[in-house]
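Now for the letters of each chain:
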Amino acid sequence: MEGCLWQLLKTIVMGQVLSLLICGTAVSCQYLADSQVETPMLQSFLNYALLLLSYTTILSTRKGDKNILQILKTKWWKYLLMGLADVEANYAVVMAYQYTTLTSIQLLDCFVIPVLMLLSWFFLKTRYKLIHFLAVVVCLLGVGAMVGADILAGRNQGSTSDVALGDGLVLISAVLYAVSNVCQEHTVKNLSRVEFLGMMGLFGTVISGIQLAVLETRAVASIKWDLHISILFAVYVVCMYGLYSFMPVVMRLTSATAVNLSLLTADLFSLFCGLFLFQYTFSVLYIVSFIVITVGFIMFNAVSTYSALPEDNSTEVLADHTAQSSSHYLLTPNGDAQSLEPLTAVAAL
């Protein structure tokens, strides 16, 4: 019992660390926007480039089947699609702010959670219990309280120039994030965290670099670089790099759905920072929202999900597990290992 409580507490803390990292990116982006710097693709490119310099370099020094050349020979197109989904998900949600309101983005962005659960059900064979669905509902109620506080405080930034287009971009972003997150969960639980991050660094740098050259050349050239702007870029990149590096660790212990539920508090951390940095209006509903989301997250993680994969696959994997690293297999919350074979379909996303 004590071990379960410690595991739950560790999961909660790690999830909130991810939210704080997202908060850091949001605050630095707000300061950059206030300085008339709007270069989302440049910021993404710098993050992917840092992943390239660290994790892709590690892959290039490995030998045998774990070497980057061997990985590219057999799985290059899978990681290309994963990188494309991740880059475009980031870009779509940033573009949405130009066409729709913050309230719409906060609400529609939650669409990622049911899509994640659906994809996990079909491709990762994850099965949920009633408590998990109730937990998601509780978390979404917490988001509703946060949005309600924003409306009452008159904090409805964004645009209304083309609400339909903006809302559509948010939904597209949510679907792409879900695809990327399910692929990430599959990769870090069955292959390795370094392989995932190394491939994301490689393909993310290439894809975002091309889009940067096509879409933001003028915007980048117009930046008036000084110490203030440089520090803001550095804070953004460090937070984003930390998020990408740490998220696979949390996802390996929990799941993509659990991680995204924990990230619902990121907007609240940004709001709390905004009370001091940007003179946002305080509302007690923000506290209520944080508590409700946290309760929902605890409910989701208090009861383990289970797998619908055949037991004979688990037995076969456990026999081989003694001779190989556990990082090559997907461990279910009850400790059973699953074979990689039934999961190969998800990587084809």
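What counts, and at which threshold
- Residues numbered from 1 in each chain as written.
- Predicted model: local features only at pLDDT ≥ 70, side-chain atom pairs only at ≥ 80, totals over all residues.
- Heavy atoms only, no water.
- UniProt positions renumbered as here; feature names shortened; annotations may be inferred.
- Salt bridge = Lys/Arg side-chain N within 4 Å of Asp/Glu carboxyl O.
- Helix = DSSP H or I, 4+ residues; strand = E, 2+ residues; numbered from the N terminus.
- Buried < 20%, exposed > 50% of the residue type's maximum accessible area, 1.4 Å probe, protein only.
- Axes fitted to C-alpha atoms, helices over the stretch in contact; angles between N-to-C directions.
- Parallel < 35°, antiparallel > 145°, perpendicular 65-115°, else oblique.
- Contact = heavy atoms within 4.5 Å.
- Nonpolar A, V, L, I, M, F, W, Y, C, P; charged D, E, K, R; others polar.
- Polar contact = N/O pair within 3.5 Å; in protein donor to acceptor, adjacent residues only side chain to side chain.
- Left-handed = near helix turned anticlockwise from the far one by under 90°.
- Core = buried A, V, L, I, M, F, W, Y, C linked by side-chain atoms within 4.5 Å.
- Expected span 1.5 Å × (residues − 1).
- Phe/Tyr/Trp six-rings, centres within 6.5 Å; stacked < 30°, edge-to-face > 60°.
- Lys NZ or Arg CZ within 6 Å of the ring centre and 35° of its normal.

As named in an unreviewed UniProt entry, the chain is Solute carrier family 35 member F2 isoform X2, taken from Betta splendens. According to the UniProt record, the Subcellular location (unreviewed entry) comment for the chain is "Membrane". Within the UniProt record for the chain, the comment given under Function (unreviewed entry) is "Putative solute transporter."

J.: Sorry, what's going on with the pattern of salt bridges here?
T.: Side chains that carry opposite charge are capable of pairing whenever their charged atoms lie near each other. A full pass over the atoms with the stated rule returns 2 salt bridges. When the shortest N-O distance is used, the salt bridge between glutamate 195 and lysine 75 registers 2.8 Å. With glutamate 195 in helix α8 (residues 193-215) and lysine 75 in helix α3 (residues 68-96), the pair connects residues that are 120 residues apart, well separated along the chain. Residue classification places glutamate 195 among the buried positions, given a relative accessible area of 8%. Judged by its relative accessible area of 18%, lysine 75 is buried. We note a salt bridge from glutamate 185 to lysine 189, for which the minimum N-O separation is 3.2 Å. You can see glutamate 185 and its partner lysine 189 sitting in helix α7 (residues 163-190), 4 residues apart, about one turn around the helix. In terms of burial, glutamate 185 and lysine 189 fall into one category: buried.

J.: Would you explain the packing of α7 against helix α10 (residues 227-253) in this entry?
T.: For any two helices packed against each other, the geometry comes down to the angle between their axes and how far apart the axes lie. With their axes 9 Å apart at the nearest point, α7 and α10 run at an angle of 75° to one another. One finds that α7 runs roughly perpendicular with respect to α10. Only Met247, Pro248, Met251 and Arg252 of α10 make contact with α7, whose side of the interface consists of Asn181, Gln184, Glu185, Val188 and Lys189. Across the contact of α7 with α10, the residue classes break down as 4 nonpolar, 2 polar and 3 charged.

J.: Mind showing me how you'd approach the side chain of asparagine 190 here?
T.: Mapped onto the fold, asparagine 190 is located in helix α7. Taking the relative accessible area as the measure of exposure, asparagine 190 reaches 1% and is therefore buried. Side-chain polar atoms of asparagine 190 contact the backbone oxygen of histidine 186, separated by 2.6 Å.

J.: It is not clear to me how the packing of helix α5 (residues 112-123) against α7 should be interpreted in this structure. Could you clarify?
T.: The interhelical angle for the contact between α5 and α7, taken along N-to-C directions, is 40°, at an axis separation of 9 Å. Classified by the interaxial angle, the pair formed by α5 and α7 is oblique. In the crossing of α5 with α7, the sense of the turn from one axis to the other is right-handed. On α7, the residues that touch Val112, Val115, Leu116, Leu119 and Ser120 of α5 are Ala174, Val175, Tyr177, Ala178, Val179, Asn181, Val182 and Glu185. Taken together, the residues of the contact of α5 with α7 break down into 10 nonpolar, 2 polar and 1 charged.

J.: What is the right way to look at the nonpolar core in this model?
T.: Soluble, globular proteins show a tendency: their nonpolar side chains are buried together. Judged by nonpolar contacts, the single largest core of 80 residues is most densely connected at Leu261 and Leu264. Element by element, the count of residues in this core is highest for α10, at 11 residues. Setting aside its immediate chain neighbours within four residues, leucine 264 contacts Cys110, Ile113, Cys139, Val143 and Ile293.

J.: I tried to follow helix α6 (residues 130-152) on my own but got confused; where do I start?
T.: Between its first and last C-alpha, α6 extends 33 Å over 23 residues, near the 33 Å set by a 1.5 Å rise per residue. Within the sequence span of α6, burial applies to His132, Ala135, Val136, Cys139, Gly142, Val143, Ala145, Met146, Val147, Ala149 and Asp150.

J.: What am I meant to see in the packing of aromatic side chains here?
T.: The geometry of an aromatic ring pair is captured by two quantities: the separation of the ring centres and the angle between the planes. In the structure shown here, the tally under the stated rule is 6 aromatic pairs. Through pairs of rings, three or more aromatic residues link up here, namely Tyr128, Phe133 and Phe300. For the cation-ring pair, arginine 127 lies above tryptophan 121, with the distance from its terminal atom to the ring centre recorded as 4.0 Å.

J.: How do you make sense of the environment of phenylalanine 297 when you look at a structure like this?
T.: Mapped onto the fold, phenylalanine 297 is located in helix α13 (residues 284-302). In this structure phenylalanine 297 comes out as buried when scored by relative accessible area, which is 3%. Along the sequence, phenylalanine 297 and valine 138 sit 159 residues apart, while their C-alpha atoms lie 8.5 Å from each other. Non-local contacts of phenylalanine 297, meaning those with residues more than four positions away in its chain, are made with Thr11, Ile12, Cys139, Ala258, Leu261 and Ser262.

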